[in-house]
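# Structural features, examined
The primary structure of each chain is shown beneath.
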Amino acid sequence: MSEPFDPPDEQVIAALAARDLNALAALYDRYGRIGYALAYRILGEPEGAEDVVHDAFLSAWRGAPGYRRDRGNVRGWLLSIVHHRAVDILRRKTAFRPAPLEAAAERPADADTAGDAMRNLEGAGVREALTALPVAQRKTIELAYFGGYTQVELAEIMGVPLGTVKGRMRIGLQKMRRALEAGMGAPGGGP
Amino acid sequence: MSHVLDELELYAVDALPAIDRDRVTGHLADCPFCRDELSAIARVVDALPEAAPDRTPPPRLRERILQSARTSDPAAAARSRVWTPRRIGVVGLAAAAAVLAALDLTAASQLRSTTNELGALEQTMVDVSHAERSWYMGGTGDYAGSGGTLYVAGRTGHAFVLFHDLKPIAASARYDVWLITTDGQRWIRAASFAPDGQLFQRVDIDAQVVAYRRCAVTVETTAAERPVGPVAMESNIGPPGQ
């Protein structure tokens, strides 16, 4: 019987580049759930989220040979594909924007297993760092990242100059960075 | 050099308009200082998905992804094995061997051309990552196992196909890439090339892909206005929004 084996993300990507479907399955098992949660949060509906995650993992399957470790870890690379595709779809739906985070949070998260509970625990640290920000900074980050608003749109809907948008983003993310470094730390790659 | 520090946060969350995003991307390529700063910002942005409420994806999604990958690369299923630590080592070597094979690294004297090909490969990967739309064409019949992905950049409309595992063809023959209108009446030869025997081969497209609804690759021995040879692969290419 073969021993359990849980390779680092970089080895999974190397296997992916060698066209190994088991590597794709392993990548999905690690990041499929959070990718789906992210896409769902941005789009606000399950079918679109499923399509985004499907397309993102296929994009990773095809683009694995081009992955470069010096430009970020595998988790960040994969979730940035999910984010980019979800926001792209959102921006095409000009009449619809998702609810702010408070409304999304009111919808209960799915019941889960012990492993998912661990992710919720990690997520709690990020949510805590986000909610600890002044409202204006938090909303700027949420509307940009989860709402897909561009800097000009942010300035318009928040009724502030562009420079203020940039400043709120910068200070808000700096505060989050310090909070995460002082607490659990930002998520890294896989095992 | 003027830094772009006050734009990096918005760049990291993809909130810059395309023209500013491209400008910042260009600056980052030459500025290690701003790249380091972006890395620090990206670590925080990478954590933001954790703030999304947890959601369970539908169970079918895993198999749907694997099935799509299997369809796009039938040879992959045969290559896949149960993982063991040794297997991973072999896979790593296989990946390196594939890259070396793709680079045709046969002698130290080819170092210069290898460097050029590495640069071209890297450029292709950058172009792939920046492409906004793509469609995969799987090989059919005698050409099963080969395939190509048509990539289109959103801002410029520049397109190229990244082929893999192209089958050898007669020396007198060429692969022709065709773009076809919705009614099937108009066929435009967008590229014509011979396979170079490498694992991957990039072919640039000399046409505005968005004006067409189908793409096909045929094997031709003449330069006729319409294809007469067998279809090696094809795909619908939907309009924006699909």
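Remember, predicted model here, so these are calculated numbers, not experimental data.

Here we take up the overall build of chain A. Helix and strand counts for chain A stand at 9 helices and 0 strands. Among the 191 residues that make up chain A, the fraction classed as buried is 48%. Long-range pairs, those at least 24 residues apart, make up 67% of the contacts in chain A between residues at least 6 apart in sequence.

This next bit is on the overall build of chain B. Looking only at helices and strands, chain B has 7 helices and 8 strands in total. Within chain B, the proportion of its 242 residues that are buried is 43%. Counted over contacts in chain B with a minimum sequence separation of 6, partners at least 24 positions apart contribute 55%. With an accessible surface of roughly 12000 Å², chain B has 56% of that area assigned to carbon and sulfur atoms.

It is worth spelling out helix α4 (residues 60–72) of chain B at this point. Residue and element names in this part refer to chain B. The end-to-end C-alpha distance of α4 is 18 Å, a good match for the 18 Å that 13 residues give at a rise of 1.5 Å each. For α4, the full list of buried residues reads Leu 61, Ile 65, Leu 66, Ala 69 and Ser 72. Summarising the axial view, the buried residues of α4 lie within an arc of 135°, below the 170-degree limit, and thus occupy one face. Facing away from the buried side of α4 by over 90 degrees, the exposed positions are Arg 60 and Thr 71.

A water-sized probe rolled over the atoms picks out the places where empty space is left. Within the structure shown, the criterion is met by 6 cavities of 30 Å³ or more. As a volume, the largest cavity reaches approximately 130 Å³. Contributing to the lining of the largest cavity are A:Arg19, A:Trp61, A:Arg62, B:Ser72, B:Asp73, B:Tyr136, B:Thr149, B:Tyr151, B:Leu162, B:Phe163, B:His164 and B:Phe200. Of all the secondary structure elements, the ones that give two or more residues to the lining of the largest cavity are α3 (46–63) of chain A together with β2 (147–153) and β3 (159–164) of chain B. Ranked by residue count, the leading element in the lining of the largest cavity is β3(B), at 3 residues.

Another aspect to go through is the sheet that holds strand β5 (residues 187–193) of chain B. Residue and element names in this part refer to chain B. Taken together, the 4 strands give an open sheet; going across it, the order is β5-β4-β7-β8, and neighbouring strands pair in antiparallel fashion. Two strands in the sheet have a free side with no partner beyond their single neighbour: β5 and β8 (231–236). The average angle at which neighbouring strand axes cross in this sheet is 20°, direction not considered. Sheet analysis places strand β4 (residues 174–180) next to β5, joined by 6 bridges and oriented antiparallel. In the strand pairing of β5, Ile 180 is matched with Trp 187.

This part covers the pattern of salt bridges. Opposite charge on two side chains allows them to pair when their charged atoms are near. According to the stated counting rule, one finds 19 salt bridges over all chains in the structure shown. Between A:Asp9 and A:Arg30 there is a salt bridge, with its nearest N and O atoms 2.5 Å apart. Pair noted here: A:Asp9 is in helix α1 (residues 9–17) and A:Arg30 is in helix α2 (residues 21–43), with a separation of 21 residues, a long-range link. Look at A:Asp9 and you get buried, because its relative accessible area is 1%. One salt bridge in this structure joins A:Glu181 and A:Arg177, with 3.7 Å as the shortest N-O distance. Of this pair, A:Glu181 and A:Arg177 both sit in helix α9 (residues 162–182), 4 residues apart, which is roughly one turn of that helix. The class of A:Arg177 is partly exposed, set by a relative accessible area of 27%. Because the salt bridges share partners, they merge into one network encompassing A:Glu50, A:Asp51, B:Arg60 and B:Arg64.

With that settled, the discussion passes to α3(A). With 18 residues, α3(A) ought to run about 26 Å at 1.5 Å a step, and its terminal C-alpha atoms sit 25 Å apart, in line with that. Measuring from the backbone nitrogen of A:Glu47 back to the side-chain oxygen at the start of α3(A) gives 3.1 Å, which picks out A:Glu45 as the cap.

Time to look at the nonpolar core. A:Leu24, A:Leu27, A:Phe57 and A:Met176 are the most contacted members of the largest nonpolar core, which has 77 residues in total. Ignoring any residue separated from it by four or fewer positions in sequence, one finds A:Phe57 in contact with A:Leu24, A:Leu27, A:Tyr28, A:Tyr31, A:Gly32, A:Leu78 and B:Ile65.

Now for the confidence of the model for chain A. Residue and element names in this part refer to chain A. Residues with a pLDDT of 70 or more make up 77% of chain A, whose mean pLDDT is 81. Element-level pLDDT for chain A is lowest in helix α5 (residues 101–106), with a mean of 44, against a maximum mean of 95 in helix α7 (residues 135–145). Ignoring residues within four places in sequence, the model shows residues 1–5, a span with pLDDT below 50, making 6 contacts including any to other chains. Every residue in residues 98–108 is under pLDDT 50, and counting partners more than four places away or in other chains gives 22 contacts.

Reading guide: rules and limits
- All chains use their own residue numbering, which begins from 1 and follows the written sequence.
- Labels are handed out in written order, letters beginning with A for the chains and numbers beginning with 1 for the ligands.
- For this predicted model, a pLDDT threshold of at least 70 governs which residues receive local features, and a threshold of 80 or more governs which side-chain atom pairs are given and counted, while totals over whole chains, interfaces and linings are taken from all residues.
- Remark: hydrogens and water are excluded; side-chain values derive from all non-hydrogen atoms of the structure.
- Under the DSSP-based scheme used, a helix requires at least four consecutive residues in state H or I and a strand at least two consecutive residues in state E, with every element numbered from the N terminus.
- Buried, partly exposed and exposed residues are distinguished by accessible area as a fraction of the type maximum, computed with a 1.4 Å probe on protein chains only: under 20%, between the cut-offs, and over 50%, respectively.
- The contact rule is simple, with two residues in contact once any of their heavy atoms fall within 4.5 Å.
- We get accessible surface area from the Shrake-Rupley algorithm with a probe of 1.4 Å; when it comes to residues, only the shown protein chains can shield them.
- Residue count minus one, scaled by 1.5 Å, sets the expected span of a helix.
- Arc definition: directions from the helix axis to the C-beta atoms.
- Cavities and pockets are defined on a 1 Å grid built over the protein atoms alone: a cavity is a set of grid points where a 1.4 Å probe fits but cannot escape, while a pocket is an open set with protein on both sides within 12 Å along at least five of seven lines, and lining residues are those with an atom within 4 Å of any such point.
- Grid points are joined across faces, edges and corners, and a volume is the space filled by probe spheres set on the points.
- Strands pair, by our definition, only if DSSP identifies at least two bridges between them.
- To obtain each axis, a line is fitted to C-alpha atoms, and for helices this fit is confined to the stretch in contact; angles are then taken between N-to-C directions over 0 to 180 degrees.
- For this analysis, a salt bridge means a side-chain nitrogen from Lys or Arg found within 4 Å of a carboxyl oxygen belonging to Asp or Glu.
- As used in this structure description, the phrase polar contact means that two N or O atoms lie within 3.5 Å; if the pair is within protein, one of them must be able to donate a hydrogen and the other to accept it, and residues adjacent in sequence are counted only when both atoms belong to side chains.
- We define a nonpolar core as any set of buried Ala, Val, Leu, Ile, Met, Phe, Trp, Tyr and Cys residues linked to one another through side-chain atoms lying within 4.5 Å.
- As a per-residue measure, pLDDT tells how confident the predictor is, with possible values from 0 to 100.

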